[in-house]
Amino acid sequence: MAHDTKTWRCGKYEIKFDRPRIMGVLNVTPDSFSDGDESNLDVDSAVARGVAMLDAGADIIDVGGESTRPGFTPVSADEEAKRVLPVIRALAQRGAIVSIDTRHVEVAKAAVRVGASIVNDVTGFTDPKMIEFVKSTKCGVVIAHAGEVTEPARAHKAVQLDTSAAAFVAEKARAAAAAAAAGATASKKRGRGMGGSRLIGGLVQPQLPFADIPNGSAAVSGDAPAAEPAAPAAEETAPAEAVAAQLTGASIEADAVKTAPDGAAAETSEPEDKLAAVMARASRREEAYVSTSQLRRFTLPDSAPIMRRVMGFLSDQARALIHAGVARERICIDPGAGFGKNTNEDIIIQRETAKMASLGYPLMCAVSRKRFVGAVSGVVEAADRDAATFGVCLGAIQAGANVVRVHDVAGFAQFLNGYWAVARPQPRRAFVALGSNLGRRMDNIRAAKDLIAEIPLTCVSNCSHIYESEPAYEEHQEPFANAVIEIRTELAPLILLDELMKVEDKLGRNRTASAKPNGPRTLDCDLLWMEGEIHGGDKLRLPHPKLGERDFVLVPLEDLVHDPARFFRYEGVDVKEPEERVGHVTQELGTL
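Below: a short report on this structure. (Residues numbered from 1 in each chain as written. Predicted model: local features only at pLDDT ≥ 70, side-chain atom pairs only at ≥ 80, totals over all residues. Heavy atoms only, no water.)

**Describing empty space enclosed by the protein**
A full pass over the atoms with the stated rule returns 2 cavities of 30 Å³ or more. The volume enclosed by the largest cavity comes to roughly 60 Å³. In terms of lining, the largest cavity is formed by I15, K16, R21, D59, I60, I97, G532, E533 and I534. For the lining of the largest cavity, a count of residues per class yields 4 nonpolar, 1 polar and 4 charged. Estimates place the volume of the second largest cavity at around 30 Å³. Taken together, P335, Q350, T353, M356, L363, M364, C365, A396 and A401 make up the lining of the second largest cavity. Elements with a minimum of two residues in the lining of the second largest cavity: helix 12 (353-357) and strand 13 (364-365). (1 Å grid on protein atoms, 1.4 Å probe; cavity = no way out; pocket = protein on both sides within 12 Å on 5 of 7 lines; lining within 4 Å. Points joined across faces, edges and corners; volume = space filled by probe spheres on them. Nonpolar A, V, L, I, M, F, W, Y, C, P; charged D, E, K, R; others polar. Helix = DSSP H or I, 4+ residues; strand = E, 2+ residues; numbered from the N terminus.)

**A closer look at helix 10 (residues 303-324)**
Its 22 residues place the ends of helix 10 31 Å apart at the C-alpha level, agreeing with the 32 Å of an ideal helix rising 1.5 Å per residue. Every buried residue of helix 10 is accounted for by I306, M307, V310, M311, L314, S315, Q317, A318 and L321. What you see down the axis of helix 10 is that its buried residues fit within an arc of 160°, all on one side. Exposed residues on helix 10 whose side chains face more than 90 degrees from its buried face are R308 and H323. Along its buried surface, helix 10 packs onto helix 4 (128-134), strand 7 (140-144), strand 12 (331-334), helix 11 (343-351) and helix 12. Capping the start of helix 10 is the job of one residue whose side-chain oxygen sits 3.3 Å from the backbone nitrogen of A304: D302. One or two positions beyond helix 10, positive phi appears at G325, with a value near 120°. (Expected span 1.5 Å × (residues − 1). Buried < 20%, exposed > 50% of the residue type's maximum accessible area, 1.4 Å probe, protein only. Arc of directions from axis to C-beta. Contact = heavy atoms within 4.5 Å. Polar contact = N/O pair within 3.5 Å; in protein donor to acceptor, adjacent residues only side chain to side chain.)

**A word on the environment of T489**
Following the sequence through the fold, T489 ends up in strand 18 (residues 480-489). On the basis of relative accessible area, T489 is assigned to the buried category, the value being 0%. Sequence separation of T489 and A430 is 59 residues, and the distance between their C-alpha atoms is 7.5 Å. Discounting chain neighbours no more than four positions away, the residues touching T489 are Q426, P427, R428, L457, T458, L496 and M530. A distance of 2.9 Å separates a polar atom in the side chain of T489 from a polar atom in the side chain of T458.

**Notes on the nonpolar core**
The biggest cluster of nonpolar side chains holds 77 residues, and the ones touching the most others in it are V63 and L91. No other element matches helix 2 (residues 77-93), which puts 8 residues into this core. Discounting chain neighbours no more than four positions away, the residues touching V63 are L26, V28, V84, V87, I88, L91, V98, S99, I100 and D101. Listed in part, the 26 residues of the second largest apolar core include V432, A448, L500 and V503. (Core = buried A, V, L, I, M, F, W, Y, C linked by side-chain atoms within 4.5 Å.)

**Looking at the pairing of strand 18**
Successive side chains on a regular strand alternate, one facing one side of the sheet and the next facing the other. For strand 18, the tally of buried residues reaches 9 of 10 residues, placing the bulk of the element in the interior. Inspection of the sheet shows strand 15 (residues 428-436) paired to strand 18 by 9 bridges, in the antiparallel sense. Across the sheet, A433 pairs through a bridge with V484, a residue of strand 18. Where strand 16 (residues 458-463) lies against strand 18, 5 bridges are found, and the strand directions are antiparallel. Counted as the bridge partner of N462 is E486 from strand 18. Note: strand 17 (residues 465-469) against strand 18, 3 bridges, orientation antiparallel. Residue pairing across strands places E468 opposite A481, the latter belonging to strand 18. (Pairing = 2+ DSSP bridges.)

**Digging into the packing of helix 14 (residues 386-399) against helix 15 (residues 409-423)**
Packed helices, taken two at a time, are described by the angle between their axes plus the distance between the axes. Contact geometry for helix 14 and helix 15: axes closest at 11 Å, N-to-C directions at 45°. One element, helix 14, and the other, helix 15, form an angle in the oblique class. Pair helix 14 / helix 15 crosses with right-handed handedness. Residues F390, C393, L394, I397 and Q398 of helix 14 form the contact with helix 15, whose participating residues are G411, F412, F415, L416, Y419 and W420. Of the residues in the contact of helix 14 with helix 15, the class split is 9 nonpolar, 2 polar and no charged. (Axes fitted to C-alpha atoms, helices over the stretch in contact; angles between N-to-C directions. Parallel < 35°, antiparallel > 145°, perpendicular 65-115°, else oblique. Left-handed = near helix turned anticlockwise from the far one by under 90°.)

**Structural notes on the sheet that holds strand 3 (residues 21-27)**
Ordered by their spatial adjacency, 8 strands build an open sheet running 12-7-6-5-4-3-14-13, and the pairing between neighbours is parallel. The open sheet has two edge strands, strand 12 and strand 13, and neither has a second partner. Where strand 3 meets strand 4 (residues 60-64), 5 bridges bridge the pair, whose relative direction is parallel. Counted as the bridge partner of M23 is I60 from strand 4. The sheet contacts of helix 10 involve strand 7 and strand 12, and relative to strand 7 the element is tilted by about 150°.

Spelled out as structure tokens, the structure:
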């Protein structure tokens, strides 16, 4: 996993998987299974929740406007679009990678138009119109499996019986019943003797001594009363039609065939919404009583047929998209935990994560707060299942999952950062810009470099010279001294940013309301770029959104990177020509 070479191209972004990526769940719905509330429909509130997820560590925000929980009520495309589009637009403007969770092609089109970079289709692109749309874009796609993974039961239809055959069977049943009654009468007349019932053809059925007596105890003691005549068997007294149906192999399915008042068989119609029908059936299957007489030798069903259906569907849909013109590196797959599956099936699928990862596509683990997580952890309330969710996700990550879709981003980011620090050594390259125009400028920059070298899991590997530059954005102040240092770090970007802010505080950075955003300062530390990282939000943007326009950053970078303009343009940064930049370098001051 630490050396996973998969990449996921999502519009202008390229997501790399040298570490797992966190997708935050942002429901703009009043009826979601774990966090449904009318306040979710407020645009400002939804945007604030999305930004909070980004600032807590989410790499992607998955915005959904229709709940697809078991028993959900379908939402029209117009209503869904009204809920999600303002939220997607606002988050995209903050540099977020936004995914639209929808099965409606009209909503997907509008979402991509306002800034979404990923289309997450819970129905797995089974709608040809959705395929036609995504092949004309550069957005990433998520193919999800939503359906039953066991062979569906055959629907039983009403059978038109051959009336002559039915009459023959009924006559045989009446004859057998009459013979049994006659034999019982004869046995009663003989008292307690060891006689038996006379059957057709002259054969005699011996009367067992413990008939109708618990454990035969009275018969053993010799005090058993004479047995009462046995009641005619059910099949002997059943109506002719039922007996004929049994003999011909026909059965009545309660959910498939119902009897109309006039006795005619009436078939129930399937719900119009296929996904709603799948989720309704899954709910019934999960809650259905299973007789204890159905003994099994294993705790779980055979995994082979289940995985054939899931992996077969995902592979087929991926090939269909590729043949339609969607690049392979744009495709991510999701086995669809909870969609048409019961607990045993979901566990089997999660245990086979490595097999699904071997298909070669980025793999999503979307199990957050699902019913099967509650079943294995004993947690009833969906909102309380986050800790159990983290455990399931950790198992998936160890087996090769690349994207983890969770509700509690802050909690999972802490969980993942703690695990990754000790389990997966992963030093990555990053650039940090240092600037000062108050006090002893060069000493401030040198002190900052020494303090950064003391950050846990971090080292300083290279330094630029120190340059003097014109002030940018706020002109009426003293010139700045600037430098860029190259570091290696194993910290997550947001954790590293917190450490850099501590360095600023130690050197006297003024953070009060009186300080101007671009005014004088003893020290300014900017995280410019980090290997493999793209990030949006209010707290941190990567790459730094103003990197390409700052001469006081790009000139020092020339000491560390050959042709930094070309390097960062490849990373998707809009690098301006020297004459168009701000904060031009005026002279070299010395070395670090």
